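Breakdown of the fold
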Amino acid sequence: MSDQEDRMFESDDDDMVTLTFQGAARQGDQDDPRPFDLADVPSSVEADDALPQSKIFECLFMSQDGGHSTGRTWEQTKVQSVNLSTLAKTFKKGDKATAINFLHRRSVLRLDDDFYYDNEDEMLAWDASHHFLDFCLVVGGSIGLHALLPNKVVDHTFSIALNLCLPARLFRPKFGKLGFDPTGCMLAIGTGPSCEYWLAFCPQENLDDLDIANNVPLLSDRRHGDTRLSSSHFRMVVMFLAYALSNNPNLPIYVMHRYGTDDDLSAWRIKDVSNIYSQTTWDLRLTDLQELHHTIASDWDEWVADAPRAWKQDGWLLSRAPVAIACRYGQNQPIATATDQTHALEAKNWHAERSYAHIRYLSVAIATDISCLRVKRWEEVPNEEIILKHGVVYDSPDPSLREEVDLDHLPHRDPDTRRENNVYEESGRRIPRLHGKSRRNARPCGLLVNLETISELFSSYIPDHPDAALDEDAYAGEQGSIPSVSVYPQAFLRTMGHIQCDAVLPHFAPFISDIRRATSRRPRIIDLDDDQPLPDEYDVFGSSVDGTQGVPPVIIPSACQFYNEISHRIRPSAALHDVQQGRLTSALAGAYGNAATKYTHNARVRECKMGLPHQKYDNKISLDDVPRALRLENIYIVQCDSIKPEKRNGIHRRSSRPGMVASQHLPSPQTPSMRLRFSCGSLIDYVITFSILTCPLALTPVVALPPSQAFPQVYQWTTFGITSLLERLWAHQLPVLEAGNKPRHEIVELCSVLERTLAYAHTGNARVIASQLMRPLWLVQSLLEQGLPTFAPSVRLATSISNPISISSADWPTSDNLNVPAIASKRSQVLTYGNDHFEARLSAYKAGFHIELSINKLSPHVFLQYSTQERHCIVIALVALRSYVADVKTLVATAIKKECSTDSKDVDMDVDGAGPNRDKDRLKSLQKWLACDHPLGYKDKAYEHLLRAIVVDPNDFSDGLPNSSKEKLSVHDFAVRICAMTRVESPGSIAAPLILTAPSTAVFRMAYARMLKYTPAHSPAAAEKCIQRAYIIAANNLQIQHIPWHASNPGSRSRASRKAVYNSWVNLGKSSVLDPASSTAARNATRPIDMAAEAAKKAQASDARAPWAVESITLQSLPDFFARDCLPDEFALDNIDCSSDSMLTEIYEWVFANFDREKPIHKIALLAGIYFSQMLPDIFWDSKDKPLSRDMIGERAVTSVIRAMPWTPNRGTRKGSTWKAQFIAMVPAYIISVYERDSPLRDYFAKRKAFPGPWNAKNSAKGIGSFNLVRMGLAKARSTRIFKGGVPLTDWVLLTNEELAAKHRELMGFLQDRQYGPFKIAVAFFGLSKAVELGVATGTYTNHPAMSSIALKKRPSPEPDSDSEVEIVEELTHKRQRR
């Protein structure tokens, strides 16, 4: 579904839509609950051409030296150092001019010593005693609502809000495990206590077979598609739930028709058969939920069995079962507090929340805050005080290892490391021996991760552990793979920031192994020869046994992330940062909207006037007590089926538990007491305990920033130049908006670039970088390689409010040879103003921008055969016609989607054998047509897909696209109509083929006015002819072969409508002579197998402007196609791999840019390439066929000998000599570049007296060169050195102008002979024998009987058309194949 459909699910139930979706916010504008994920960014700033996050890590270790001399390239620019203190002073003084000037310097940031602490500083007090549950995902293990039901018999406070009006809600958790693919099977059904409730329709086999469920990828792998139910499946589910609720006598819900009034789900509305939608939500008490659970569990199979056959046709209903899922995230709830009383209370809460007997997976995110405070001094706690309070003390928390300690012989600190010597009480809690004393108002340091030491952090080092046995998958996941770490630099610091990994730290592995060994049940393997009674656990699990994989691990460490806790204050989720929303960009771009988006635009402007996004951020961090701790968040998955049955509950008891308080250093990791009774709740608590004990090993890469001096103010200091530019840009553009005018396109895009750069500073996420635009501006290089942003010299930064940032049109980055402007604001516009704005307005926005650029920046690589003035007009016409094509696509798509009652999601759920469904077929064809590069042409079956989408009755396919007027236009007529309706003076009213309300109409008017600048000024008529010619060339380039037309109005007295409609079309080509063979076949065929395909071929064959491909025709029909305006599809630069050498690229690009079919040599070259491709692989010669040198004396003799040599395949290999399209492109390119004196090849030859080595190597490997030019009669040999290549234009020479003209007349004359002309051309190129052989072997043309007989040394048959001659040729073919 689109972003709009995510909020407006297309349903026929009007009452449901009214209750649910009126005024719904668009995606990106609301705070959707989701887990805190560093990889998240809002859709509004997610770039279509974003960099991979791994690129940031790769650039961490790149050299930062830069060039030694000043130049205009990035590599030549000198690198300068700037201290953080300098940026701090600039910010505190409010010196915006200096901050902006820094953006033109290639700078490396240096941290002053007083802005950070060494993490080994003995005056730092570390604490990791605060823990939080940040995410919890509970998945039921059997049919029903087990994940929703509390483990209580009665609870008068319990209530959930059942809401069946949420079909468009996506299942968003990115971590955890479901045990099945959630694609197309998740339905949000309401909310409960701090939870979202979902009903998942899990494949039955995943419920029945634990091995299948356990092998499903984790959600973090992100391999699933759209999770929402299709509309038909949603209706089925609602009808079942209505039925189940109606069985509860305490609820006023009824169902009049159990399965609706018709098997066709679209033929009736749910509100007509049930009152389930009489209100938005239904409040269910505990007894109501229990009743619903029992009904689902007991009646699902029977309800499915009795369902209409049409409902079960796709197999979805038969193969699925409803399973409840509870999801809770973002609550940041404190857990695992320090007292035994709270531990017991937490255990009761876990036990009461739900029964774990029918839960399959429990996924949790456990966060530990690591804080650091610099103390003024340390005070030793007297030993007597410790003994008096705790009695006996030990050197370890583990009873199996510890020994009693005499404190008088154990100093408070280790004399070498200065670390505290830890001691523990009987219960395993650490006893602090040092107390830190700090100032009354001291604040903790801000902590970030040193990204350069990540490899050390995630090394395979495992701390000492008493048991060497260690689960292999306890650290590296179930596949034993190397952890993948993503880094997110903060505040342009480059080497400091946040990290995310798809595994937990290796230091947790021993403790996870302990948990598994202590809690895992034994494998359920039944030995039939054993008479001993089965263990008790078989009573719980029934007769099921484990598969070959054994018992799955109880706990899976899934992922982890480190981030500063301030993130939770400044953004509720990782994607909802104030500076990440692109607010300024959307406020500026909204000026290009229409009346429908005006309200949203005004709201955006008003919001920015109240405060810019970075100013809101400044306000959030202005408090002194903002959180600064480093949060370590681990994701764990508990597989409940692997837990011992008696411990599959939420209650646990323990005899001892280690604790944590503030100390000089965190305690060294020791093994905690194993005298524990485990359960689902205790597993989580146990993991928390271990995370406390192992934190010191993770602190090596941590950088502590003093709060009063640096954190979080460092974000403001380093981004001050960017925020200053944004403030000045907004101040400059606000009067423009208030006056009702539109900002320049460059300003909108530069604003988007600035906002994306600011977003990167706060997130370090590469997905905000629009590389296509930001790389030429140097921002990609500077952010990744240096840290601080640097703008290229082409970007002018002014220190005044007037025009603070600008760039000339000539320097604007473009994406292709036609100077299509690179833009960064697309996502912001779509997400703010909706998809309609993008389809209807953004195309005009891009077109206007493109036209403005084309006026000032003409590409040097396109349409070189025309004058500069004509090229300007053609490029502008191309822009306008591209906008028109986009509008035609919108016209067709909107109408067909409206006609088809089937929701677009059903297309993906279609199953073969389900029976014909024209709506689905039409939507599928529409999708394919929209994906075509040239939707108004024939290439890639565009015509066929369009025909299948538009024509409702397949029996009408043979008539082609509907044409109400039965007329056909030329492309010239099309151009005349465009000009007549869009000219500056006295334009006609808008009618077909233009679309009245479409943006392209305005673009055409703009294009006409801009093209007038490049047309003759003395004559309006001459000017319009120039514009018409530009449209003709552009239409041919875009392969526009048919266009929308107006509908007919037969029998009506009213004036006929001239409005363009989607179901009436007119062709822009004239009829041409069909291939006789194909015409005969068409006459003899009674009914084509695929009428749509046949209609497409027929339309293409009769269209003189239609594109064509050599592979789809025979040489016999070549005369009909060779005369067309367009070149064969194979003659394209894309069919030549020349990327490895710049010289090759220049030569080939020149040839294709300058091809002129009016030049004789260009026509001959193309014809030669087409015929040469038919010879493959026989394009080489055998050395044994080479005559003696004495037989080759003189130019004429050498040339004659070469022309007579047999054509053979390469004896060594046929590699590179079988792909015809490559030769149809390369052979003409070779001939043209050799003959044309202005080509880059001849320029090179004039300087070096030789052809480039890569050029010779590439062509000679494929048999393309001087030798075959001579063989084909397109050059003459002068010496026998040509057998080894020879010196160009010395050992072989080109034809003279007179000889070339004669060759052109000869070949073109053969093309006029439609019967034997194609054969005669082959004779002219390859000689008589090879031409006959080619015709016989391939049947691509008709051999001339008399000439064939001469070649075969047989007399001609008296009956040229008899079959006897054919039999002789076929026998020869057979012999040829054996040889």
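Residues numbered from 1 in each chain as written. Predicted model: local features only at pLDDT ≥ 70, side-chain atom pairs only at ≥ 80, totals over all residues. Heavy atoms only, no water.

Summing up its helical and strand segments, the protein has 48 helices and 25 strands in all. When each of the 1379 residues of the protein is scored for burial, the buried share is 56%. Considering only contacts within the protein whose residues lie at least 6 apart along the sequence, 77% involve residues at least 24 apart. Accessible area of the protein: about 59,000 Å², with a carbon and sulfur share of 49%. (Helix = DSSP H or I, 4+ residues; strand = E, 2+ residues; numbered from the N terminus. Buried < 20%, exposed > 50% of the residue type's maximum accessible area, 1.4 Å probe, protein only. Contact = heavy atoms within 4.5 Å. Areas by Shrake-Rupley, 256 points an atom, 1.4 Å probe, with all protein chains shown as cover.)

Let us look at the packing of helix H37 (residues 1142-1153) against helix H40 (residues 1220-1235). Between H37 and H40, whose axes approach to 10 Å, the crossing angle comes to 90 degrees. When the axes of H37 and H40 are compared, the pair comes out roughly perpendicular. Where H37 abuts H40, its residues Ile1147, Tyr1148, Trp1150, Val1151 and Phe1152 lie against Ala1225, Met1226, Ala1229, Ile1232 and Ser1233. Split by residue class, the contact of H37 with H40 holds nine nonpolar, one polar and no charged. (Axes fitted to C-alpha atoms, helices over the stretch in contact; angles between N-to-C directions. Parallel < 35°, antiparallel > 145°, perpendicular 65-115°, else oblique. Nonpolar A, V, L, I, M, F, W, Y, C, P; charged D, E, K, R; others polar.)

With that settled, consider the pattern of salt bridges. Inspection of the entire model under this criterion finds 38 salt bridges. For Glu379, the salt bridge goes to Arg377, with nearest N and O atoms at 3.3 Å. Accessibility expressed as a relative area gives 31% for Glu379, which makes it partly exposed. On the accessibility criterion, Arg377 (43% relative accessible area) is partly exposed. The salt bridge partner of Lys609 is Glu738, with a shortest N-O separation of 3.2 Å. Of this pair, Lys609 sits in helix H18 (residues 595-610) while Glu738 sits in helix H22 (residues 720-738), and the two are 129 residues apart along the sequence. A relative accessible area of 52% places Glu738 in the exposed class. Several salt bridges converge on common partners, so that one network encompasses Arg583, Arg604, Glu607 and Lys616. (Salt bridge = Lys/Arg side-chain N within 4 Å of Asp/Glu carboxyl O.)

Turning to a negative patch on the surface, a few remarks are in order. A contiguous patch of negative charge on the surface is contributed by Glu384, Glu404, Asp406 and Asp408. The residue Asp408 is located in the loop between helix H11 (383-390) and strand S11 (423-424) in this model. (Patch = residues over 30% accessible without salt bridge, like charges linked within 9 Å, V, L, I, M, F, W, Y side chains within 5 Å. Lys, Arg positive; Asp, Glu negative; His and termini not counted. Charge placed at Lys NZ, Arg CZ, Asp CG, Glu CD.)

Time to look at the environment of Gln561. Within the secondary structure, Gln561 sits in strand S17 (residues 555-564). Note: C-alpha distance between Gln561 and Ile499 (62 residues apart in sequence) is 5.6 Å. In contact with Gln561, not counting residues within four places along its chain, are Phe36, Asp37, Leu38, Ile499, Gln500, Arg631, Leu632 and Glu633. A polar atom in the side chain of Gln561 sits 2.9 Å from the side chain of Gln500. A distance of 2.9 Å separates polar atoms of two side chains, one belonging to Gln561 and the other to Glu633. (Polar contact = N/O pair within 3.5 Å; in protein donor to acceptor, adjacent residues only side chain to side chain.)

With that settled, consider the pairing of strand S23 (residues 1060-1067). Counting buried residues along S23, seven of its eight residues qualify, which places the element largely inside the surrounding structure. Sheet analysis places strand S22 (residues 1042-1046) next to S23, joined by five bridges and oriented antiparallel. Within S23, the position partnered with His1042 by the bridge is Asn1067. (Pairing = 2+ DSSP bridges.)

Moving on to empty space enclosed by the protein. With a probe scaled to a water molecule rolled over the atoms, the places where space remains empty come into view. Taken as a whole, this structure holds 12 cavities of 30 Å³ or more when the rule is applied. A volume near 140 Å³ is recorded for the largest cavity. At the level of elements, helix H3 (84-93), helix H21 (713-718) and H22 are the ones that each hand at least two residues to the lining of the largest cavity. Examining the composition of the lining of the largest cavity, we find that three residues originate from one element, H22, more than from any other. (1 Å grid on protein atoms, 1.4 Å probe; cavity = no way out; pocket = protein on both sides within 12 Å on 5 of 7 lines; lining within 4 Å. Points joined across faces, edges and corners; volume = space filled by probe spheres on them.)

Our focus in this paragraph is the packing of aromatic side chains. For any pair of aromatic rings, the description rests on two quantities: the centre-to-centre distance and the angle between the ring planes. Enumeration over the complete set of coordinates arrives at 37 aromatic pairs. Taking the centre distance of 5.1 Å and the plane angle of 85 degrees together, the rings of Phe171 and Trp198 count as edge-to-face. Here Phe171 is found in the loop between strand S4 (160-163) and strand S5 (186-192), whereas its partner Trp198 is found in strand S6 (residues 195-203), with 27 residues between them in sequence. Neither residue differs from the other here; Phe171 and Trp198 are each classed as buried. Ring centres of Phe1004 and Tyr1031 lie 5.8 Å apart, and the angle between their planes is 65 degrees; this geometry places the pair in the edge-to-face category. Highlighted residues: Phe1004 in helix H32 (residues 999-1011) and Tyr1031 in helix H33 (residues 1020-1037), separated in sequence by 27 residues. Both residues of the pair, Phe1004 and Tyr1031, count as buried. The ring of Tyr243 is capped by Arg258, whose NZ or CZ atom sits 4.6 Å from the centre of that ring. (Phe/Tyr/Trp six-rings, centres within 6.5 Å; stacked < 30°, edge-to-face > 60°. Lys NZ or Arg CZ within 6 Å of the ring centre and 35° of its normal.)

So, on to the nonpolar core. By size, the foremost hydrophobic cluster in this structure holds 201 residues, and its most contacted members are Ile276, Trp303, Trp311, Ile325, Trp730 and Phe791. Among the elements that line this core, the one with the most residues is helix H7 (residues 231-246), at 11 residues. In this structure, Phe1172, Tyr1230, Ile1282 and Met1308 belong to the second largest nonpolar core, which totals 83 residues. (Core = buried A, V, L, I, M, F, W, Y, C linked by side-chain atoms within 4.5 Å.)

This part takes up unusual backbone geometry. Cis geometry is found at the peptide bond from Phe711 to Pro712, where omega equals 5 degrees. Looking at where Pro712 falls in the secondary structure, it is placed in the loop between strand S19 (702-705) and H21. Of note, the bond from Ala992 into Pro993 is cis; its omega dihedral lies within 30 degrees of zero at 15 degrees. Its location among the elements puts Pro993 in the loop between helix H31 (971-982) and H32. Unusually for a residue other than glycine, Arg494 sits at a positive phi of about 70 degrees. By secondary structure assignment, the location of Arg494 is in the loop between strand S15 (485-489) and strand S16 (496-501). A positive phi angle is found at Ser986, which is not glycine, with a value near 50 degrees. What makes Ser986 exposed here is its relative accessible area of 66%.

Structurally, Arg223 is set in the loop between helix H6 (210-214) and H7. A residue is classified by how much of its surface remains accessible, and Arg223, at 64% relative accessible area, is exposed. Measuring from C-alpha to C-alpha, the distance between Arg223 and Asp181 comes to 8.5 Å, with 42 residues separating the pair along the chain.

What follows covers the side chain of Gln500. When you line up the elements, Gln500 lands in strand S16. Apart from the residues lying within four places of it in its own chain, the contact partners of Gln500 are Asp37, Leu38, Ala39, Phe175, Ser484, Val485, Ser486, Tyr488, Cys560 and Gln561.

Here the focus is the environment of Pro804. Residue placement: Pro804 occurs in the loop between strand S20 (795-797) and strand S21 (805-807). Take Pro804: its relative accessible area is 2%, and that puts it in the buried class. The spacing of Pro804 and Leu726 is 78 residues in sequence and 8.9 Å in space, taken between C-alpha atoms. In contact with Pro804, not counting residues within four places along its chain, are Leu725, Arg728, Leu729, His732, Arg796, Leu797 and Ala798.

As a further point, take the packing of H32 against H33. Geometrically, a packed helix pair is captured by the angle between its two axes and the distance between the axes. For the pair H32 and H33, the least separation of the axes is 10 Å and the interaxial angle reads 125 degrees. By the angle between their directions, the pair H32 and H33 is classed as oblique. Seen along the crossing, H32 lies across H33 with a hand that is right-handed. Side by side, H32 and H33 meet where Phe1004, Ala1007, Tyr1008 and Met1011 of the first sit next to Glu1024, Ile1027, Ala1030 and Tyr1031 of the second. Here the residues of the contact of H32 with H33 are counted per class, giving seven nonpolar, no polar and one charged. (Left-handed = near helix turned anticlockwise from the far one by under 90°.)

Of all residues in the protein, 79% attain a pLDDT of 70 or more, and the chain-wide mean is 80. Across residues 902-916 the pLDDT falls below 50, and counting only partners more than four positions away or on other chains, this stretch makes 30 contacts in the model. (pLDDT = per-residue confidence, 0-100.)

Next up on the list: helix H19 (residues 613-620). Along H19, the residues classified as buried are Pro613, His614 and Tyr617. One side of H19 carries all its buried residues, which in axial view fall inside an arc of 95 degrees. (Arc of directions from axis to C-beta.)

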